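Observations on chain architecture
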Amino acid sequence: MPERSGPVFRRRVGPPSRRARVALLTLGVLAVLFLLFVMFAGFWTDWLWFRSVRFSSVFTTQLWTKVGLFAVFGLLMAVIVGFNIWLAHRLRPPLSAMSVEQQSLDRYRAGLAPFKRWALIGISLVIGLVAGAAASGQWRTWLMWTNATSFGEKDTQFGMDVSFYAFDLPFYEFVLGFAFSAVIVSLLTSALVHYLYGGLRLQGPGRRASVGAQGHLAVLLGVFVLLKAVAYWLDRYALAVKTGSYKGVSGWTGLRYVDANAFLPAKTILFFVAIICAVLFFLTPIRRTWAPALIGLGLMVLSAVLIGGLYPAIVQQFQVKPNEQAKETPYIQKNIDATRQAYGIADAQTTQYAPQGTTTPEALKPDAQTVADIRLLDPNVVSPTFQSLEQQRNYYAFPNTLDVDRYGTGQGKQDSVIGLRELDLNGVQRNWINDHFKYTHGYGAVVAKGNQVDDKGQPVFTESGLPSTGTLGDYQQRIYYGEKTSTYSIVGGSNKEIDYTDPKTGQNAEYTYTGGSGVSLDNPLTRAAYAVRFAEPQILYAGAITDGAKVIYNRTPKERVEKVAPWLSIDADPYPVVQDGRVLWVLDGYTTSDGFPFSSKTTLGTATKDSLTNQRGELLTAANQVNYIRNSVKATVDAYTGEVKLYQWDEKDPVLKTWMKAFPGTVEPKADIPQTLLPHLRYPQDMFKVQRDLLGQYHVTDSNSFFNGSDIWQTPVDPTSDTKQVQPPYYVTVRMPDTSAASFSLTSTFVPNGRPNLAAFMAVNADPGDDYGKIRVLKMTGESGAPGPGLVQSKFNSRQEVAQQIFALKSGGDAELEYGNLLTLPVGGGLLNIEPVYVRGRGAKYPTMQKVLAVYGDDNVAFEDTLEAALKKVFGGAPPATTPTVPSTPGGTTPTTPTTPTTPATPAPGGTVSPELQKAITDAQKAYSDSQTAIKNGDWVAYGNAQKALGDALKAISAAGGGTPAAAPTGTPAPGATNGGSPPAQP
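Since we're looking at a predicted model, the values are computed, not measured.

Attention shifts here to the overall build of the protein. The secondary structure content of the protein amounts to 27 helices and 34 strands. Here the protein holds 987 residues, and 51% of them are scored as buried. Considering only contacts within the protein whose residues lie at least 6 apart along the sequence, 69% involve residues at least 24 apart. Working note: accessible area of the protein is about 44,000 Å², and carbon and sulfur atoms make up 57% of it.

Following this line, the structure appears as structure tokens:
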């Protein structure tokens, strides 16, 4: 085709116009300023939050520690690397060899020449920034090293205090790693500079390295080898915390025979070899030859292979394997002792227990309270019931798993299931105003008796309604901080929040927050910072934010405590407590370490996982390996004000003492725990799970038995759940066979490895007091044949009469069955298994308890409508051969046996019987009569309640000044009476 004629238009290419350059520069500056403001917003809002919760010292301590580490180690790295680059340039040969290689490098040298100084500074700064950022992440290591507290215990191999491994060794390893990095980076950059300026050559005749380059690099290599010598020396101590797998323990820690007799001497020998090799490198600049140093390096590498690798393998093969048990048992014993000490299970009390298949009323008497307090209300099942009966409004909700606590005093004190009516924004029309201004809080606690249901199978509430009313009295019911409260709210000022809908008028009651927490938004800069933090520009200009308004965030209890105490691991199950007119969240904090010598390591996330993990939604720590743990802190978060309090619980824990020195004033002494809160504290679940996991193998305290590995326990799979995860522990009131009275405890069971029968029953006293934290293990005798939870469930399901009733409950498939917690309790010399059965009809919103499954021994199985009927069937209703037993006094005295009640004693001349004393006497007579009637009827729940009432009446007689309670059953000494007191009056 012919070319088109006409003018040819060409686009003129040239530098951008002045206007374009100004626009680009402006955009660049704005982008940089925006990024800087984003960084500032994060810093500024964090500072304001810490100041609002009165933990600003935590923020400043972390900040200055990070800044200090960043500055010191970053500057040190920059100086070391920069000096070596400068020195390499300084030592360059005056003339480079005329070779093709050097000629090709000329243009690089020429191009770099005008910028050499800036290149040196830039490279040094970049490397320093990277090193400083890495060092700032070691703030915990620094604080623990500078504030280290002695454990007062020495390891059995080197005689070093445990604090050396927990606090000192990690810091030394960090500094050594930093030094290695500095030398390696210096070596690489120096070699590059020497090559660029002709000090190192790969081609051409003559020497490959100049004298200056040879000396410089030889010294750096000598320093590297010298650091390797230090590493070999520290490796000797690191053997005490070395982790591997042995005898089925994946986290086995500590030296074994081959470590102590092969690796340890090898590390010592290699230490001296490395020092000699380093000296040879330091002599290289003087001798001007690499030969001795390279020979020494080769010998060091060969020694590392032969002495550090081959020799231990020979020792293992020819000394250990032929007689492994004799060689290893001393080191196994060290591991057993250290592990039990580090996890707080050294004092666990193990006793043999041969459960009987049948029992008698006489044997059941000491366990009356255990039977009376059997928990029928499963906190993991009844949340939908609470939701349906007590939600009250669509914008309230209860957690998926409720909590168990103790409420009431005297006869009325019992295990209770409690949940807070928390805010649920899914129940409202979602928009910015509703989400953050109007619907800001939940309202009220709901409490139900743990051991009772009504005739419809529903909870018996002791606190309910909106506003909540009941046995808890008056308290601040607004819940601004809770487990389900994950979004920020803007409160205060003239903002009117939706409090609740008045059930009488149907109108919304409004409220303005006066709790005092939160960060003020009066400052425009602060508002801008929070607009960036929450990615919500409306915060900048919204008219709904008035003078005095505050923003509250970080509102879940776990999140708040983790932020103010970043050195703690927080239990995954906070629980609410109503006391002194407030609702407090109680959380358990753990101090941990991975530096306890010879103690085996465990992964917290794995050890604390059970069938309820997905329902609760959180783990203690996802993948943190530790070999020391203590429940050292009890923390509280006020549900209204958000105030966080940390209390020292373990006053001996050296890790906590170390952190208290690092963050002074943040943890309050144990004596400051409110006396009204103390009865609600309990042994934490995650701590118990970790100890349970370790006791599965470390209940064996003899090294020979441990070596044989024939007595390993495991936590059984939860037979009531489809998750195939292990059974969770349960809070129950139970009397262990070696104690005189029942106590609030956390319990679990074990089965032998790979077998379904019961191996042991474990309980820890969860009530604060002298016996708090005492672990008791009932080890089943070999011939007992007691069924584990899986077999118990199978026993339920295999009974024809039970199967028929279950089919009837399901109404031909129109209803669903939900099994409640399967409780195993040592009662009457045997083992009682109780499981409530819930039924959820088609279309029903919540399940109701309809049946109780009970198993005692092998053949005593009951599936009845009530707990009383089930117990009567498995125990039998025959009256006891002797009279009932009065519960022990709080002091732990031995129970005594009462006889027929007597009439009140005649008062001394001139004296009268006070109304309080007369009432206590009447209560004692009634309680005794009720206990006799309950025994005749075989009603063991009623019997337990009557016994509790009798004990309370006896205490009331003493408190009323009755001396020897004349109305008390004859033979029962009056509390506080002396041997010289008057005998009780006869009927």
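Sheet strands associate in pairs through backbone hydrogen bonding, adopting either a parallel or an antiparallel arrangement. With antiparallel pairing, the three strands of this open sheet are ordered in space as β13-β17-β16. Strands at the two margins of the open sheet, each flanked by one partner only, are β13 (489-492) and β16 (519-520). Here β13 pairs with strand β17 (residues 549-552) via four bridges, running antiparallel. Among the inter-strand pairings, Gly492 is bridged to a residue of β17, identified as Ala549.

Spatially, five strands are ordered β5-β6-β9-β10-β11 in an open sheet, and the strand pairing comes out antiparallel. At either margin of the open sheet sits one strand with a lone partner, and together these are β5 (403-407) and β11 (469-470). Sheet strands touched by helix α13 (residues 383-390): β6 (414-420), β9 (445-453) and β10 (459-464). Its angle to β10, the strand with the most contacts, is close to 55 degrees.

Turning next to the pairing of β5. Where burial is concerned, most of β5 is hidden: five out of the five residues are buried. Of the two faces of β5, the one lined by Asp403, Asp405 and Tyr407 and the one lined by Val404 and Arg406 are each fully buried. Of the pairings in the sheet, the one linking β5 to β6 comprises five bridges and is antiparallel in character. Of the residues in β6, the one forming a bridge with Asp403 is Ile418.

For the rest of this paragraph, the subject is the pattern of salt bridges. A complete count under the given rule lists 28 salt bridges for this structure. In this structure, Lys365 and Glu362 form a salt bridge, with 2.8 Å as the shortest nitrogen-oxygen distance. Overall, the relative accessible area of 4% leaves Lys365 in the buried class. With relative accessibility at 37%, the residue Glu362 sits in the partly exposed group.

On to the environment of Thr641. The topology assignment puts Thr641 in the loop between β23 (628-638) and β24 (644-648). Given a relative accessible area of 15%, Thr641 falls into the buried group. Once you skip the residues sitting within four places of it in the chain, Thr641 turns out to touch Tyr481, Tyr513, Gly515, Ser517 and Arg582.

Below, the discussion takes up the packing of helix α1 (residues 18-52) against helix α15 (residues 524-533). Look at α1 against α15: their axes get within 9 Å of each other, and the N-to-C directions meet at 110 degrees. Relative to α15, the element α1 lies roughly perpendicular. In this structure, α1 uses Phe37, Val38, Phe40, Ala41, Gly42, Trp44, Thr45, Asp46 and Leu48 to contact α15, whose residues at the interface are Leu525, Thr526, Ala528, Ala529, Tyr530, Val532 and Arg533. A class-by-class count of the residues in the contact of α1 with α15 yields 11 nonpolar, three polar and two charged.

Here we take up unusual backbone geometry. Cis geometry is adopted by the peptide bond preceding Pro467, which originates at Leu466 and carries an omega value of -10 degrees. Phi is positive for Asn554, which is not a glycine, with a value near 50 degrees. Inspection of the secondary structure assignment puts Asn554 in the loop between β17 and α17 (557-564).

Those residues of helix α25 (residues 867-875) that fall on the buried side of the exposure criterion are Leu867, Ala870, Leu871, Val874 and Phe875. What you see down the axis of α25 is that its buried residues fit within an arc of 115 degrees, all on one side. Looking one or two places after α25, you find Gly876, whose phi comes out positive at around 90 degrees.

As a further point, take the pairing of strand β26 (residues 730-734). In terms of burial, β26 is a largely internal element, five of the five residues being buried. Side chains Tyr730, Val732 and Val734 project from β26 onto one buried face, and the interleaved Tyr731 and Thr733 project onto a second face that is buried too. Looking at chain direction, β26 and strand β27 (residues 743-752) are connected through five bridges and run antiparallel. Opposite Tyr730, over in β27, you have Thr747 as the bridge partner.

Per-residue pLDDT for the protein has a mean of 85; in total, 86% of the residues score no lower than 70. Every residue in residues 878-911 is under pLDDT 50, and counting partners more than four places away or in other chains gives 82 contacts. Considering only residues more than four positions removed or in separate chains, one finds that residues 963-987, a stretch of pLDDT under 50, has 46 contacts.

Here we come to the side chain of Glu422. Residue position: Glu422 is located in strand β7 (residues 422-423). Buried within the structure, Glu422 lacks any salt-bridge partner; Lys484 is the closest side chain of opposite charge, at an N-O distance of 6.9 Å. Leaving out residues up to four positions away in the same chain, Glu422 has contacts with Tyr395, Tyr396, Ala397, Pro399, Gly442, Ile479, Gly482, Glu483, Lys484, Thr485 and Trp585.

Those residues of helix α24 (residues 800-810) lying buried are Val802, Ile806 and Leu809. Projected down its long axis, α24 carries its buried residues within an arc of 60 degrees, all on one side. In α24, the exposed positions that point more than 90 degrees away from the buried face belong to Gln800, Phe807 and Ala808. Of the surrounding elements, those touching the buried residues of α24 are α23 (789-798), β30 (815-819), β32 (830-841), β33 (848-856) and β34 (860-864).

The geometry of an aromatic ring pair is captured by two quantities: the separation of the ring centres and the angle between the planes. Considering all chains together, one arrives at 49 aromatic pairs under this definition. Ring geometry for Tyr731 and Phe744: centres 5.4 Å apart, planes at 0 degrees, overall stacked. Of this pair, Tyr731 sits in strand β26 while Phe744 sits in strand β27, placing them 13 residues apart in sequence. A residue is classified by how much of its surface remains accessible, and Tyr731, at 5% relative accessible area, is buried. Residue classification places Phe744 among the buried positions, given a relative accessible area of 2%. Stacked on the ring of Trp649, the Lys or Arg Lys670 has its end atom at 4.4 Å from the ring centre.

Turning our attention to the environment of Ala448. With respect to the helices, strands and loops of the structure, Ala448 is situated in strand β9. Residues Ala448 and Leu377, 71 residues apart in the sequence, show an inter-C-alpha distance of 8.4 Å. When sequence neighbours within four positions are dropped, the list of residues in contact with Ala448 reads Leu377, Phe386, Ser416, Val417, Pro459, Val460, Phe461 and Thr462.

Running from N to C, helix α8 (residues 257-287) and helix α10 (residues 324-342) point in directions that differ by 100 degrees, and their axes come no closer than 8 Å. Relative to α10, the element α8 lies roughly perpendicular. Where α8 approaches α10, its residues Tyr257, Ala260 and Asn261 are matched on the opposing element by Lys327, Glu328 and Tyr331. Taken together, the residues that form the contact of α8 with α10 break down as three nonpolar, one polar and two charged.

Here we take up a nonpolar patch on the surface. Taken together, the side chains of Leu24, Leu25, Leu27, Val29, Leu30, Val32, Leu33, Leu36 and Met39 make up a nonpolar region of the molecular surface, amounting to roughly 930 Å² of accessible area. With respect to the element layout, Leu30 can be found in helix α1.

Cut-offs used in this document
Residues numbered from 1 in each chain as written. Predicted model: local features only at pLDDT ≥ 70, side-chain atom pairs only at ≥ 80, totals over all residues. Heavy atoms only, no water. Helix = DSSP H or I, 4+ residues; strand = E, 2+ residues; numbered from the N terminus. Buried < 20%, exposed > 50% of the residue type's maximum accessible area, 1.4 Å probe, protein only. Contact = heavy atoms within 4.5 Å. Areas by Shrake-Rupley, 256 points an atom, 1.4 Å probe, with all protein chains shown as cover. Pairing = 2+ DSSP bridges. Axes fitted to C-alpha atoms, helices over the stretch in contact; angles between N-to-C directions. Salt bridge = Lys/Arg side-chain N within 4 Å of Asp/Glu carboxyl O. Parallel < 35°, antiparallel > 145°, perpendicular 65-115°, else oblique. Nonpolar A, V, L, I, M, F, W, Y, C, P; charged D, E, K, R; others polar. Arc of directions from axis to C-beta. pLDDT = per-residue confidence, 0-100. Lys, Arg positive; Asp, Glu negative; His and termini not counted. Phe/Tyr/Trp six-rings, centres within 6.5 Å; stacked < 30°, edge-to-face > 60°. Lys NZ or Arg CZ within 6 Å of the ring centre and 35° of its normal. Patch = residues over 30% accessible without salt bridge, like charges linked within 9 Å, V, L, I, M, F, W, Y side chains within 5 Å.

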